[in-house]
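What follows is each chain in one-letter form.
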Amino acid sequence: MREKNKALQRMAYAFLVGLQDLLTLELFVKALIRLFAKTDIYFERKSLSLLKLKLERESRLVGIENQEVLGQLLEPLESKIASIYAAEEGARSQLMPDALHCLELLAIKIAAMDPKRWQSTLRRVVGLLGKISLEYRASALMACASICVGIGLHALPSSAKLVTYTVEVLQEASVEDRLLRLSAVTALQTFVVHLKELMNPHISDVLTAAVGIVTMDDRLLRARQGLLTALVANVPCRLLLQPLANVYSHYALQVDGDGALKLLFRFSQDIMGAMHSSDIAAHLPALSKFFFSALDLTLLRATDSLSQMLQLQNAVATAFGALVLRLNEVLFKPIFLKFVEWAGLGQQTDAIGRSEGAGTLRSGQSQLPARAMMATRVICELTSTLKSLFVTYYTYML
(Lines give C-alpha, C1' and ligand atoms only; values in the text may rest on other atoms or scores of the structure.)
Protein backbone atom coordinates (compact mmCIF):
# COMPACT_ATOMS: atom_id res chain seq x y z
CA MET A 1 0.00 0.00 0.00
CA ARG A 2 2.84 2.34 0.88
CA GLU A 3 4.56 1.68 -2.43
CA LYS A 4 1.28 2.27 -4.24
CA ASN A 5 0.90 5.68 -2.54
CA LYS A 6 4.42 6.61 -3.56
CA ALA A 7 3.69 5.61 -7.13
CA LEU A 8 0.54 7.76 -7.14
CA GLN A 9 2.47 10.68 -5.67
CA ARG A 10 5.12 10.38 -8.35
CA MET A 11 2.44 10.33 -11.02
CA ALA A 12 0.95 13.47 -9.46
CA TYR A 13 4.37 15.11 -9.58
CA ALA A 14 4.82 14.18 -13.24
CA PHE A 15 1.35 15.60 -13.93
CA LEU A 16 2.34 18.87 -12.18
CA VAL A 17 5.52 19.13 -14.25
CA GLY A 18 3.57 18.66 -17.46
CA LEU A 19 0.93 21.24 -16.52
CA GLN A 20 3.12 23.84 -14.80
CA ASP A 21 3.00 26.22 -17.76
CA LEU A 22 -0.79 26.03 -17.81
CA LEU A 23 -1.22 26.70 -14.09
CA THR A 24 -1.51 30.17 -12.70
CA LEU A 25 1.45 31.19 -10.56
CA GLU A 26 -0.73 31.08 -7.45
CA LEU A 27 -1.77 27.48 -8.07
CA PHE A 28 1.79 26.50 -8.91
CA VAL A 29 3.09 28.00 -5.66
CA LYS A 30 0.39 26.26 -3.60
CA ALA A 31 1.27 22.91 -5.17
CA LEU A 32 4.98 23.51 -4.59
CA ILE A 33 4.45 24.40 -0.92
CA ARG A 34 2.65 21.08 -0.46
CA LEU A 35 5.57 19.30 -2.12
CA PHE A 36 7.99 21.09 0.23
CA ALA A 37 6.13 19.52 3.14
CA LYS A 38 7.16 16.06 1.95
CA THR A 39 10.18 14.55 3.69
CA ASP A 40 10.80 11.93 1.03
CA ILE A 41 14.12 12.78 -0.64
CA TYR A 42 12.67 12.10 -4.10
CA PHE A 43 10.00 14.79 -3.69
CA GLU A 44 12.41 17.17 -1.98
CA ARG A 45 14.82 16.98 -4.89
CA LYS A 46 12.06 17.24 -7.47
CA SER A 47 10.34 20.19 -5.78
CA LEU A 48 13.62 22.13 -5.63
CA SER A 49 14.32 21.32 -9.29
CA LEU A 50 10.83 22.45 -10.23
CA LEU A 51 11.20 25.76 -8.39
CA LYS A 52 14.66 26.33 -9.85
CA LEU A 53 13.36 25.72 -13.37
CA LYS A 54 10.40 28.05 -12.85
CA LEU A 55 12.52 30.90 -11.48
CA GLU A 56 15.16 30.57 -14.19
CA ARG A 57 12.66 30.41 -17.06
CA GLU A 58 10.08 32.98 -16.05
CA SER A 59 11.31 36.50 -16.73
CA ARG A 60 7.77 37.83 -16.24
CA LEU A 61 7.77 37.04 -12.50
CA VAL A 62 8.74 40.58 -11.59
CA GLY A 63 5.37 42.32 -11.25
CA ILE A 64 4.21 43.32 -7.78
CA GLU A 65 1.36 40.81 -7.80
CA ASN A 66 3.65 37.94 -8.81
CA GLN A 67 6.25 39.00 -6.24
CA GLU A 68 3.67 38.75 -3.47
CA VAL A 69 2.72 35.26 -4.60
CA LEU A 70 6.36 34.17 -4.78
CA GLY A 71 6.89 35.62 -1.31
CA GLN A 72 4.78 32.75 0.05
CA LEU A 73 7.66 30.41 -0.83
CA LEU A 74 10.25 32.10 1.37
CA GLU A 75 9.25 30.61 4.70
CA PRO A 76 8.83 27.03 3.38
CA LEU A 77 12.16 27.32 1.56
CA GLU A 78 13.91 28.56 4.70
CA SER A 79 12.40 25.66 6.66
CA LYS A 80 13.60 23.25 3.99
CA ILE A 81 17.15 24.62 4.21
CA ALA A 82 17.08 24.30 8.01
CA SER A 83 15.84 20.72 7.86
CA ILE A 84 18.47 19.79 5.26
CA TYR A 85 21.18 21.27 7.48
CA ALA A 86 19.82 19.30 10.44
CA ALA A 87 20.28 16.11 8.40
CA GLU A 88 24.06 16.77 8.59
CA GLU A 89 25.31 13.94 6.40
CA GLY A 90 23.90 11.50 3.92
CA ALA A 91 21.96 11.84 0.69
CA ARG A 92 19.57 14.47 2.08
CA SER A 93 22.39 16.87 2.96
CA GLN A 94 23.35 16.88 -0.73
CA LEU A 95 20.18 18.86 -1.42
CA MET A 96 21.76 21.94 0.21
CA PRO A 97 23.29 23.46 -2.98
CA ASP A 98 19.95 23.19 -4.82
CA ALA A 99 18.04 24.72 -1.90
CA LEU A 100 20.50 27.62 -1.57
CA HIS A 101 20.44 28.18 -5.33
CA CYS A 102 16.65 28.40 -5.21
CA LEU A 103 16.97 30.93 -2.40
CA GLU A 104 19.44 32.91 -4.54
CA LEU A 105 17.04 32.95 -7.50
CA LEU A 106 14.10 33.88 -5.29
CA ALA A 107 16.10 36.76 -3.78
CA ILE A 108 16.85 38.08 -7.27
CA LYS A 109 13.11 38.13 -8.00
CA ILE A 110 11.61 39.49 -4.78
CA ALA A 111 14.13 40.51 -2.09
CA ALA A 112 13.81 44.20 -2.94
CA MET A 113 10.05 44.04 -2.30
CA ASP A 114 10.37 43.27 1.42
CA PRO A 115 13.95 44.07 2.58
CA LYS A 116 13.18 43.82 6.31
CA ARG A 117 11.81 40.30 5.89
CA TRP A 118 14.86 39.27 3.87
CA GLN A 119 17.12 40.89 6.46
CA SER A 120 16.32 38.01 8.82
CA THR A 121 16.83 35.50 5.99
CA LEU A 122 20.29 36.93 5.36
CA ARG A 123 21.13 36.62 9.04
CA ARG A 124 20.17 32.94 9.04
CA VAL A 125 22.19 32.13 5.91
CA VAL A 126 25.23 33.98 7.26
CA GLY A 127 24.85 31.90 10.41
CA LEU A 128 25.06 28.75 8.27
CA LEU A 129 28.22 29.83 6.43
CA GLY A 130 30.65 28.61 9.03
CA LYS A 131 28.70 25.44 9.79
CA ILE A 132 27.84 23.78 6.49
CA SER A 133 30.32 21.63 4.60
CA LEU A 134 33.00 23.40 2.60
CA GLU A 135 31.59 22.10 -0.67
CA TYR A 136 28.27 23.88 -0.03
CA ARG A 137 29.65 27.27 1.03
CA ALA A 138 29.96 28.57 -2.54
CA SER A 139 26.17 28.28 -2.92
CA ALA A 140 25.64 30.02 0.44
CA LEU A 141 27.93 32.91 -0.54
CA MET A 142 26.09 33.47 -3.81
CA ALA A 143 22.73 33.37 -1.99
CA CYS A 144 24.01 36.01 0.44
CA ALA A 145 25.28 38.16 -2.42
CA SER A 146 21.91 38.07 -4.21
CA ILE A 147 20.06 38.95 -1.00
CA CYS A 148 22.42 41.90 -0.41
CA VAL A 149 21.76 43.20 -3.93
CA GLY A 150 18.03 43.16 -3.20
CA ILE A 151 17.97 44.63 0.31
CA GLY A 152 20.88 47.10 0.03
CA LEU A 153 21.67 48.93 3.27
CA HIS A 154 19.26 46.70 5.17
CA ALA A 155 22.15 44.21 5.10
CA LEU A 156 24.00 46.35 7.67
CA PRO A 157 23.39 44.09 10.72
CA SER A 158 24.98 41.12 8.93
CA SER A 159 27.51 42.95 6.74
CA ALA A 160 30.54 42.89 9.06
CA LYS A 161 30.28 39.17 9.77
CA LEU A 162 29.50 38.38 6.13
CA VAL A 163 32.42 40.32 4.63
CA THR A 164 34.85 39.06 7.28
CA TYR A 165 33.84 35.47 6.70
CA THR A 166 34.04 35.83 2.89
CA VAL A 167 37.58 37.23 3.16
CA GLU A 168 38.55 34.33 5.44
CA VAL A 169 37.12 31.84 2.95
CA LEU A 170 39.16 33.41 0.16
CA GLN A 171 42.37 33.35 2.19
CA GLU A 172 41.95 29.84 3.57
CA ALA A 173 40.50 27.98 0.57
CA SER A 174 42.97 25.70 -1.18
CA VAL A 175 43.98 26.08 -4.82
CA GLU A 176 41.78 23.07 -5.64
CA ASP A 177 38.65 24.83 -4.30
CA ARG A 178 38.18 26.82 -7.51
CA LEU A 179 34.42 27.24 -7.27
CA LEU A 180 34.60 28.37 -3.65
CA ARG A 181 37.32 30.94 -4.35
CA LEU A 182 35.49 32.19 -7.43
CA SER A 183 32.26 32.53 -5.43
CA ALA A 184 34.08 34.41 -2.66
CA VAL A 185 35.62 36.90 -5.11
CA THR A 186 32.30 37.36 -6.92
CA ALA A 187 30.52 37.91 -3.62
CA LEU A 188 33.09 40.50 -2.51
CA GLN A 189 32.65 42.36 -5.79
CA THR A 190 28.88 42.35 -5.22
CA PHE A 191 29.37 43.76 -1.71
CA VAL A 192 31.67 46.51 -3.01
CA VAL A 193 29.17 47.56 -5.68
CA HIS A 194 25.94 47.30 -3.70
CA LEU A 195 27.10 47.85 -0.11
CA LYS A 196 29.83 50.39 -0.77
CA GLU A 197 28.68 52.59 2.12
CA LEU A 198 29.36 49.68 4.49
CA MET A 199 32.71 48.56 3.07
CA ASN A 200 35.12 51.19 4.45
CA PRO A 201 36.19 49.17 7.53
CA HIS A 202 36.89 46.13 5.36
CA ILE A 203 38.80 47.59 2.39
CA SER A 204 42.26 46.64 3.68
CA ASP A 205 41.18 43.05 4.32
CA VAL A 206 39.46 42.76 0.94
CA LEU A 207 42.49 44.19 -0.88
CA THR A 208 44.91 41.94 1.03
CA ALA A 209 42.92 38.85 0.10
CA ALA A 210 42.42 39.90 -3.54
CA VAL A 211 46.06 40.62 -4.42
CA GLY A 212 47.18 37.54 -2.49
CA ILE A 213 45.32 35.12 -4.77
CA VAL A 214 47.71 32.71 -6.46
CA THR A 215 46.09 31.04 -9.44
CA MET A 216 46.38 30.27 -13.14
CA ASP A 217 42.60 29.98 -13.53
CA ASP A 218 41.40 32.53 -16.09
CA ARG A 219 37.93 32.88 -14.56
CA LEU A 220 39.35 33.59 -11.13
CA LEU A 221 41.89 36.07 -12.54
CA ARG A 222 39.11 37.92 -14.37
CA ALA A 223 36.97 37.91 -11.23
CA ARG A 224 39.85 39.33 -9.18
CA GLN A 225 40.41 42.09 -11.72
CA GLY A 226 36.70 42.82 -11.62
CA LEU A 227 36.89 43.16 -7.83
CA LEU A 228 39.86 45.56 -8.00
CA THR A 229 38.14 47.61 -10.72
CA ALA A 230 34.97 47.73 -8.60
CA LEU A 231 36.96 49.09 -5.65
CA VAL A 232 38.32 51.99 -7.73
CA ALA A 233 34.92 52.66 -9.32
CA ASN A 234 32.78 52.53 -6.18
CA VAL A 235 34.96 53.63 -3.26
CA PRO A 236 36.20 57.25 -3.13
CA CYS A 237 39.85 56.97 -4.18
CA ARG A 238 41.09 59.01 -1.23
CA LEU A 239 39.72 56.26 1.02
CA LEU A 240 41.79 53.66 -0.85
CA LEU A 241 45.14 55.30 -0.07
CA GLN A 242 45.54 54.12 3.52
CA PRO A 243 44.43 50.53 2.71
CA LEU A 244 46.88 50.62 -0.22
CA ALA A 245 49.71 51.61 2.16
CA ASN A 246 48.65 49.00 4.72
CA VAL A 247 48.56 46.16 2.21
CA TYR A 248 51.85 47.32 0.65
CA SER A 249 53.53 47.18 4.08
CA HIS A 250 52.13 43.67 4.61
CA TYR A 251 53.43 42.20 1.34
CA ALA A 252 56.74 44.10 1.44
CA LEU A 253 57.63 41.87 4.38
CA GLN A 254 56.66 38.65 2.58
CA VAL A 255 59.47 36.72 0.92
CA ASP A 256 57.08 35.49 -1.79
CA GLY A 257 55.14 38.76 -2.11
CA ASP A 258 56.41 39.90 -5.53
CA GLY A 259 53.24 38.90 -7.38
CA ALA A 260 51.01 40.71 -4.90
CA LEU A 261 53.24 43.80 -4.97
CA LYS A 262 53.14 44.02 -8.77
CA LEU A 263 49.37 43.80 -8.64
CA LEU A 264 49.28 46.50 -5.94
CA PHE A 265 51.33 48.88 -8.07
CA ARG A 266 48.98 48.33 -11.01
CA PHE A 267 46.10 48.99 -8.62
CA SER A 268 47.77 52.24 -7.50
CA GLN A 269 48.04 53.20 -11.16
CA ASP A 270 44.27 52.79 -11.52
CA ILE A 271 43.75 54.89 -8.39
CA MET A 272 45.91 57.69 -9.80
CA GLY A 273 43.92 57.65 -13.02
CA ALA A 274 40.56 57.86 -11.24
CA MET A 275 41.45 60.16 -8.35
CA HIS A 276 40.28 63.78 -8.41
CA SER A 277 43.09 66.30 -8.93
CA SER A 278 42.27 68.15 -5.72
CA ASP A 279 42.49 64.89 -3.74
CA ILE A 280 45.88 64.12 -5.29
CA ALA A 281 47.16 67.54 -4.27
CA ALA A 282 45.80 67.13 -0.74
CA HIS A 283 47.35 63.67 -0.30
CA LEU A 284 50.59 64.29 -2.22
CA PRO A 285 52.88 63.92 0.85
CA ALA A 286 51.45 60.45 1.56
CA LEU A 287 51.62 59.50 -2.12
CA SER A 288 55.20 60.72 -2.35
CA LYS A 289 56.16 58.65 0.69
CA PHE A 290 54.49 55.58 -0.78
CA PHE A 291 56.23 55.83 -4.15
CA PHE A 292 59.69 56.58 -2.79
CA SER A 293 59.32 53.64 -0.43
CA ALA A 294 58.37 51.55 -3.49
CA LEU A 295 61.47 52.79 -5.34
CA ASP A 296 63.63 51.71 -2.41
CA LEU A 297 61.82 48.37 -2.33
CA THR A 298 63.04 47.53 -5.85
CA LEU A 299 66.62 47.82 -4.57
CA LEU A 300 66.23 46.11 -1.23
CA ARG A 301 64.06 43.19 -2.26
CA ALA A 302 66.00 40.00 -2.86
CA THR A 303 64.82 37.81 -5.73
CA ASP A 304 66.16 34.75 -7.48
CA SER A 305 64.76 35.83 -10.84
CA LEU A 306 66.06 38.72 -12.93
CA SER A 307 62.76 38.67 -14.83
CA GLN A 308 60.80 39.05 -11.57
CA MET A 309 62.99 41.96 -10.51
CA LEU A 310 62.57 43.75 -13.84
CA GLN A 311 58.80 43.22 -13.75
CA LEU A 312 58.65 44.71 -10.25
CA GLN A 313 60.75 47.69 -11.31
CA ASN A 314 58.59 48.27 -14.39
CA ALA A 315 55.42 48.12 -12.25
CA VAL A 316 56.81 50.77 -9.87
CA ALA A 317 58.02 53.00 -12.71
CA THR A 318 54.66 52.82 -14.50
CA ALA A 319 52.74 53.57 -11.31
CA PHE A 320 55.04 56.53 -10.56
CA GLY A 321 54.46 57.79 -14.11
CA ALA A 322 50.69 57.60 -13.54
CA LEU A 323 51.06 59.88 -10.50
CA VAL A 324 53.28 62.35 -12.39
CA LEU A 325 50.75 62.55 -15.21
CA ARG A 326 48.18 63.97 -12.77
CA LEU A 327 50.47 66.71 -11.38
CA ASN A 328 50.87 70.26 -12.60
CA GLU A 329 54.35 71.77 -12.82
CA VAL A 330 54.15 73.39 -9.38
CA LEU A 331 53.43 70.00 -7.75
CA PHE A 332 55.69 67.97 -10.01
CA LYS A 333 58.95 69.92 -9.69
CA PRO A 334 59.55 69.29 -5.93
CA ILE A 335 58.75 65.61 -6.41
CA PHE A 336 61.16 65.41 -9.33
CA LEU A 337 63.99 67.19 -7.49
CA LYS A 338 63.52 64.77 -4.60
CA PHE A 339 63.71 61.94 -7.11
CA VAL A 340 66.95 63.34 -8.57
CA GLU A 341 68.43 63.51 -5.07
CA TRP A 342 67.23 59.97 -4.30
CA ALA A 343 68.86 58.65 -7.48
CA GLY A 344 72.15 60.54 -6.92
CA LEU A 345 71.87 62.05 -10.40
CA GLY A 346 73.82 65.22 -11.12
CA GLN A 347 75.64 64.88 -7.78
CA GLN A 348 77.26 62.25 -5.56
CA THR A 349 75.45 61.74 -2.29
CA ASP A 350 75.88 59.47 0.67
CA ALA A 351 72.40 60.20 1.96
CA ILE A 352 70.91 56.93 0.97
CA GLY A 353 67.82 55.99 2.99
CA ARG A 354 66.44 52.59 3.61
CA SER A 355 62.88 51.39 3.24
CA GLU A 356 61.54 49.98 6.55
CA GLY A 357 61.62 46.19 6.65
CA ALA A 358 61.52 45.88 2.88
CA GLY A 359 63.76 42.88 2.52
CA THR A 360 67.39 41.91 2.07
CA LEU A 361 69.92 44.03 0.14
CA ARG A 362 71.52 42.00 -2.61
CA SER A 363 75.06 41.28 -1.50
CA GLY A 364 78.01 42.95 -3.23
CA GLN A 365 75.89 45.67 -4.85
CA SER A 366 76.11 49.27 -3.66
CA GLN A 367 72.87 51.23 -3.59
CA LEU A 368 73.99 54.23 -5.61
CA PRO A 369 74.56 52.41 -8.93
CA ALA A 370 71.40 50.40 -8.28
CA ARG A 371 69.42 53.60 -7.73
CA ALA A 372 70.86 55.06 -10.93
CA MET A 373 69.68 51.97 -12.85
CA MET A 374 66.21 52.19 -11.33
CA ALA A 375 66.17 55.92 -12.05
CA THR A 376 66.88 55.18 -15.70
CA ARG A 377 63.73 53.06 -15.89
CA VAL A 378 61.69 55.82 -14.23
CA ILE A 379 63.14 58.48 -16.54
CA CYS A 380 62.26 56.36 -19.58
CA GLU A 381 58.71 56.11 -18.24
CA LEU A 382 58.49 59.87 -17.60
CA THR A 383 59.90 60.64 -21.02
CA SER A 384 57.33 58.33 -22.61
CA THR A 385 54.55 59.87 -20.50
CA LEU A 386 55.40 63.58 -20.69
CA LYS A 387 57.25 63.54 -24.04
CA SER A 388 58.59 67.00 -25.00
CA LEU A 389 57.33 68.52 -21.74
CA PHE A 390 59.99 66.55 -19.89
CA VAL A 391 62.95 67.82 -21.94
CA THR A 392 63.60 70.87 -19.75
CA TYR A 393 64.00 68.62 -16.69
CA TYR A 394 67.06 66.89 -18.15
CA THR A 395 69.19 69.83 -16.95
CA TYR A 396 68.67 68.70 -13.36
CA MET A 397 70.18 65.30 -14.11
CA LEU A 398 73.39 66.42 -15.79
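Look above for the structure.
What counts, and at which threshold
Note on numbering: residues in each chain are counted from 1, in written sequence order. pLDDT decides what is reported in this predicted model: residues at 70 or higher carry local features, side-chain atom pairs at 80 or more are listed and counted, and totals for whole chains, interfaces and linings draw on all residues regardless. The basis for every side-chain value is the complete set of non-hydrogen atoms in the structure, without hydrogens or water. Helix and strand assignments follow DSSP, with helices taken as H or I runs no shorter than four residues and strands as E runs no shorter than two, numbered in order from the N terminus. For every residue, the accessible area obtained with a 1.4 Å probe (protein chains only) is divided by the maximum for its type, and the residue is called buried under 20%, exposed over 50%, and partly exposed between those limits. Whether two residues touch is decided by their heavy atoms; if any such pair falls within 4.5 Å, the residues are in contact. Residue burial considers only the protein chains on display, and all accessible areas are found by Shrake-Rupley using a 1.4 Å probe. Counted as a polar contact is a pair of N or O atoms within 3.5 Å, where, for protein atoms, one must be capable of donating a hydrogen and the other of accepting one, and residues adjacent in sequence contribute only when both atoms are in side chains. Here the nonpolar core consists of buried residues drawn from Ala, Val, Leu, Ile, Met, Phe, Trp, Tyr and Cys, with membership extended through side-chain atoms lying within 4.5 Å. Aromatic contacts are taken between Phe, Tyr and Trp rings whose centres are within 6.5 Å, Trp giving its six-membered ring; a plane angle under 30 degrees counts as stacked, one over 60 as edge-to-face, and the others as tilted.

S.K.: An account of the overall build of the chain is requested, with residue identities and associated values reported.
M.R.: Within the chain, the secondary structure is distributed over 19 helices and zero strands. For the chain, buried positions account for 48% of its 398 residues. Taking all contacts inside the chain whose residues are at least 6 apart in sequence as the whole, residues at least 24 apart take part in 75%. Split by element, the accessible area of the chain, about 19600 Å² in all, is 55% carbon and sulfur.

S.K.: Give me the lowdown on the environment of E341, citing residues and values where you can.
M.R.: Positionally, E341 belongs in helix α18 (residues 329-343). Here E341 falls in the partly exposed class, since its relative accessible area comes to 44%. In sequence terms E341 and Y396 are 55 residues apart; their C-alpha atoms lie 9.8 Å from each other.

S.K.: Pulling in residues and values, what's your account of the side chain of T121?
M.R.: With respect to the helices, strands and loops of the structure, T121 is situated in helix α7 (residues 115-129). A polar side-chain atom of T121 sits 3.2 Å from a polar atom in the side chain of R117. If near-sequence neighbours (up to four positions away) are discounted, T121 is found in contact with L74, E78, L103 and I147.

S.K.: Describe in detail the nonpolar core, supporting the description with residues and values.
M.R.: Judged by nonpolar contacts, the single largest core of 134 residues is most densely connected at W118, F191, F265 and I271. The residues contacting F191, other than those within four sequence positions of it, are A145, C148, L162, V163, T166, K196 and M199.

S.K.: Explain the side chain of R224 residue by residue, including any values.
M.R.: Among the secondary structure elements, R224 is positioned in helix α12 (residues 218-234). Polar contacts involving the side chain of R224 include one to the main-chain carbonyl oxygen of I213, which spans 2.9 Å. Residues contacting R224, with those up to four places away along its chain left out, are V185, A210, V211, I213 and L263.

S.K.: For the packing of aromatic side chains, give the residues involved together with the corresponding values.
M.R.: Following the criterion strictly, the structure yields 14 aromatic pairs and no others. Here the aromatic rings of F290 and F291 are separated by 5.1 Å at their centres, their planes lie at 75 degrees, and the arrangement is edge-to-face. In terms of burial, F290 and F291 fall into one category: buried. Ring geometry for F336 versus F390: centroids 5.5 Å apart, planes at 90 degrees, classification edge-to-face. Note that F336 is positioned in helix α18 and F390 in the segment after α19 (367-386), a separation of 54 residues in sequence. Residue F336 is classed as buried on the basis of its relative accessible area, which comes to 1%. A relative accessible area of 0% means that F390 is categorised as buried.

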